[in-house]
Amino acid sequence: MNEITEPRQCLDRHKKDHVCQGPVTGQPSRAGTGTIIHRCEAGHDASEAHARKVRERYPDTDTPPGWFDPTIAGERWNDDY
């Protein structure tokens, strides 16, 4: 059985200031859910840049970054939930 499907569209196509560039391809979500996220090349690049900034601000280490203040909300940096 041949199933005709619509071409996938970039998830970011409606975002302000986003201009789709390159082919739309699917990649697994960063959350590890197994969901395939379809983006153009520019969308994948922007998503990676955003993820990199998040990793820099919230590093996966036992040592908290200098900006972290546990007295603000009584939290600890590396809690195991």
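Residues numbered from 1 in each chain as written. Predicted model: local features only at pLDDT ≥ 70, side-chain atom pairs only at ≥ 80, totals over all residues. Heavy atoms only, no water.

Draft legend 1. The overall build of the protein chain, seen in detail. When its secondary structure is counted, the protein chain shows one helix and two strands. Tracing the protein chain from N to C terminus, the helices and strands come up as β-β-α. The C-alpha atoms of the protein chain give a radius of gyration of 18 Å, which is well past the 12 Å a tight globule of 81 residues would have. Counting only C-alpha atoms, the protein chain reaches 60 × 35 × 20 Å along its principal axes. The proportion of buried residues among the 81 residues of the protein chain is 17%. Partitioning the contacts of the protein chain with sequence separation of at least 6, the portion at a separation of at least 24 is 17%. Here the protein chain has roughly 7100 Å² of accessible surface; of this, 50% comes from carbon and sulfur atoms. (Helix = DSSP H or I, 4+ residues; strand = E, 2+ residues; numbered from the N terminus. Rg over C-alpha atoms; globule rule 2.2 N^0.38 Å. Buried < 20%, exposed > 50% of the residue type's maximum accessible area, 1.4 Å probe, protein only. Contact = heavy atoms within 4.5 Å. Areas by Shrake-Rupley, 256 points an atom, 1.4 Å probe, with all protein chains shown as cover.)

Any link to function would need more than the numbers given here.
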